[in-house]
Amino acid sequence: MMRFRTADAAFARRVIELGVPSLWLTLVLLRELTCPPIAEDSVVPRVETCLSFVLGTAYLLAGVRRGPVRELRQVRAVARATQQVLLRPLPPRIEGLTFAARQLSASRGAEVGGDLYEALATPHGVRVVIGDVRGHGLGAIGAVAAVLGSFREAAHDEEALDGVLRRLDRAHQRHLVEVTGLRGPVADTAGAGDAAGASDAEGAADAAEKAEEFVTVLLLEIGADDGVSALNCGHPWPYRLSPGAGAVPLAADVPLPPLGSLPLPARLVPQRFGQLLPGEALFLHTDGATDARDGAGRFFGLEEVLTAAAKCVPLSPAAVVRHVHSALLRHTRGRVTDDVALLVVRNDRSPVPAQSGDDGGLRLRI
């Protein structure tokens, strides 16, 4: 009932906004057509008539414009609310780690796009995901919602990182079934040697090709001992930033195929990257940053920009994100052609003296 009353009130307001000036202009025109001609030496009536016509026209145009402007404000408010729920801001600190992130949509006027990221404190360590849905802008939001929603549950439930990745893969397959309208069971790729499961996964890959929607995903886990491990499905590897030193890409094996393109292998082994030392940071990004070009077709020099940003001591995650974001906009002159997501995590856990039995080094605790 309240909804109908609101709609009726809006309709009545529009009728008044458009009807009153329309009636005013009609009366002015009737007066000009029916009244006797104005004497040549009478200027005041002519000015009065012209002024009335101009004011009426201005009011009418303002009334017509006011509706779309109000609707645009409502759409932007909905977009901001969607972003807060879907791609919510990261906490500045999680379990002794400092975070900063920024997202840029390639769709004009959009505040959300095809890139995703999240960081959560779990019983198994701090887990981070960053991903990129094929395509960009508003059309990729469905896949972003499916992957992020699954990660926010699986990161807490799954003890091993490979279990988290399999949950994300199944969530993406279910989303593809909804998008393409294909029916059939969603593959449980955890079953090694299961022919039926492999067949279902291949069907999901066919659905992904039909929907033209794949997802690159990078999963990171930073344990209580500051050890870093990762699983990568077609995503760019992060950079290690050392204060005063520079940026070094993490050397690792060839990534797995993106989610939705091929079934996951029966055995998933996370890559180990040693410890993230106090003061060091990891820079995660989507390929929109590395693929960005200027007017002459030159690619954005991400590693050089990161090296310059890492020379600052102490290393500030927020400053690094701002520096890269500003340099990217300057390089492309504000015309990015793909969504971009940037995320920096710095180890701020304080070192404590080594306990008995250690090798004389330092152990890190929160």
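Before we go on, may I ask you to explain the nonpolar core in this structure?
Side chains of a nonpolar character, in soluble globular proteins, are inclined to be buried together. Counting residues in hydrophobic clusters, the biggest one holds 50 residues, and the most contacted among them are F99, L165 and L219. Counting residues per element, this core draws most heavily on helix α3 (residues 141-157), which supplies eight residues. Aside from chain neighbours lying at most four places away, what touches F99 is L90, P91, P92, I94, A119, V126, V128, P317, L343, V344 and V345. Residues A100, A292, L302 and L315 belong to the second largest nonpolar core, which totals 25 residues.

What is the right way to look at the confidence of the model for the protein in this model?
If pLDDT is low for a region, its predicted coordinates should not be looked at in detail. On average, residues of the protein carry a pLDDT of 78, and 62% of them reach 70 or more. Per-element mean pLDDT across the protein ranges from 38 in strand β13 (residues 362-365) up to 97 in strand β10 (residues 281-285). Long-range and interchain partners of residues 184-199, a stretch whose pLDDT sits below 50, account for 18 contacts in this model, where long-range means more than four residues apart. Note on residues 352-366: pLDDT under 50 across the span, and 23 contacts to partners over four residues away in sequence or across chains.

What exactly am I supposed to notice about the side chain of D115 here?
Mapped onto the elements of the fold, D115 is located in strand β3 (residues 115-122). The buried charged residue D115 lacks any salt bridge partner; its closest oppositely charged side chain belongs to R134, at an N-O distance of 13 Å. Engagement of the side chain of D115 in a polar contact is seen with the backbone nitrogen of V340, the distance being 3.1 Å. Only 3.2 Å separates the side chain of D115 from the backbone nitrogen of A341, close enough to count as a polar contact. Each residue touching D115, except ones within four places of it in the same chain, is listed here: L87, Q103, G131, D132, V144, T286, D339, V340 and A341.

Would you take a moment to explain unusual backbone geometry for this structure?
Working note: non-glycine residues mostly have negative phi, and peptide bonds are mostly trans. At E95, a residue that is not glycine, the phi angle is positive and equals roughly 50°. Structurally, the position occupied by E95 is in the loop between β1 (93-94) and β2 (97-104). When its relative accessible area of 40% is taken as the criterion, E95 is described as partly exposed. The backbone of R333 sits at a positive phi, close to 55°, despite the residue not being glycine. Along the chain, the position of R333 falls in the loop between α8 (317-332) and β11 (340-347).

Which parts of the structure should I look at to understand the sheet that holds strand β4 (residues 125-133)?
Adjacent strands of a sheet pair through backbone hydrogen bonds, lying either parallel or antiparallel. Here we have five strands laid out as an open sheet, ordered β3-β4-β5-β6-β9, and antiparallel in their pairing. If you trace the sheet from one side to the other, it starts and ends with β3 and β9 (271-275), each paired once. Strand-to-strand twist of the sheet, defined as the mean angle between neighbouring strand axes without regard to direction, takes the value 15°. In this structure, strand β6 (residues 227-233) lies alongside β9, joined through three bridges in antiparallel fashion. Among the inter-strand pairings, A230 is bridged to a residue of β9, identified as Q271. Relative to the sheet, α3 contacts β3, β4 and β5 (215-222), its axis offset from that of β3 by approximately 10°.

How should the packing of helix α7 (residues 302-310) against α8 be read in this particular structure?
Helices that pack against each other are described as a pair by the angle of their axes relative to one another and the distance between those axes. Where α7 contacts α8, the two axes come as close as 10 Å, and the packing angle between them is 140°. When the axis of α7 is compared with that of α8, the two are oblique. Note that α7 runs across α8; the crossing there is right-handed. Of the residues in α8, those touching α7 at L302, V305, L306, A308 and A309 are V320, H323, V324 and A327. In terms of residue class, the contact of α7 with α8 is built from eight nonpolar, one polar and no charged.

Could you clarify how one ought to interpret α7 in this entry?
For an α-helix the count is 3.6 residues per turn, leaving residues at separations of three or four pointing the same way. Among the residues of α7, L302, V305, L306, A309 and A310 are the ones counted as buried. Buried residues in α7, looked at end-on, bunch into an arc of 130°, giving them a common side. Residues of α7 that are buried in the fold lie against β7 (239-242), β8 (246-249), β10, α6 (287-290) and α8.

Quick question: what am I supposed to make of the pairing of β11 here?
Among the eight residues of β11, eight are classified as buried, and the element is accordingly described as predominantly covered. Burial along β11 is two-sided: V340, L342, V344 and R346 and A341, L343, V345 and N347, pointing in opposite directions, are all buried. Of the pairings in the sheet, the one linking β10 to β11 comprises five bridges and is antiparallel in character. Looking at β11, one finds that L282 is bridged to V345.

Sorry if this is basic, but what is going on with the pairing of β4 here?
As a general feature of sheets, a regular strand has side chains that alternate between the two faces. Among the nine residues that make up β4, nine are buried, leaving the element largely enclosed by the rest of the structure. Of the pairings in the sheet, the one linking β3 to β4 comprises eight bridges and is antiparallel in character. Note on β4: the bridge partner recorded for A121 is V126. In this structure, the hairpin formed by β3 and β4 is closed by a connection of two residues.

Procedures and definitions
- Residues numbered from 1 in each chain as written.
- Predicted model: local features only at pLDDT ≥ 70, side-chain atom pairs only at ≥ 80, totals over all residues.
- Heavy atoms only, no water.
- Core = buried A, V, L, I, M, F, W, Y, C linked by side-chain atoms within 4.5 Å.
- Buried < 20%, exposed > 50% of the residue type's maximum accessible area, 1.4 Å probe, protein only.
- Helix = DSSP H or I, 4+ residues; strand = E, 2+ residues; numbered from the N terminus.
- Contact = heavy atoms within 4.5 Å.
- pLDDT = per-residue confidence, 0-100.
- Lys, Arg positive; Asp, Glu negative; His and termini not counted.
- Salt bridge = Lys/Arg side-chain N within 4 Å of Asp/Glu carboxyl O.
- Polar contact = N/O pair within 3.5 Å; in protein donor to acceptor, adjacent residues only side chain to side chain.
- Pairing = 2+ DSSP bridges.
- Axes fitted to C-alpha atoms, helices over the stretch in contact; angles between N-to-C directions.
- Parallel < 35°, antiparallel > 145°, perpendicular 65-115°, else oblique.
- Left-handed = near helix turned anticlockwise from the far one by under 90°.
- Nonpolar A, V, L, I, M, F, W, Y, C, P; charged D, E, K, R; others polar.
- Arc of directions from axis to C-beta.

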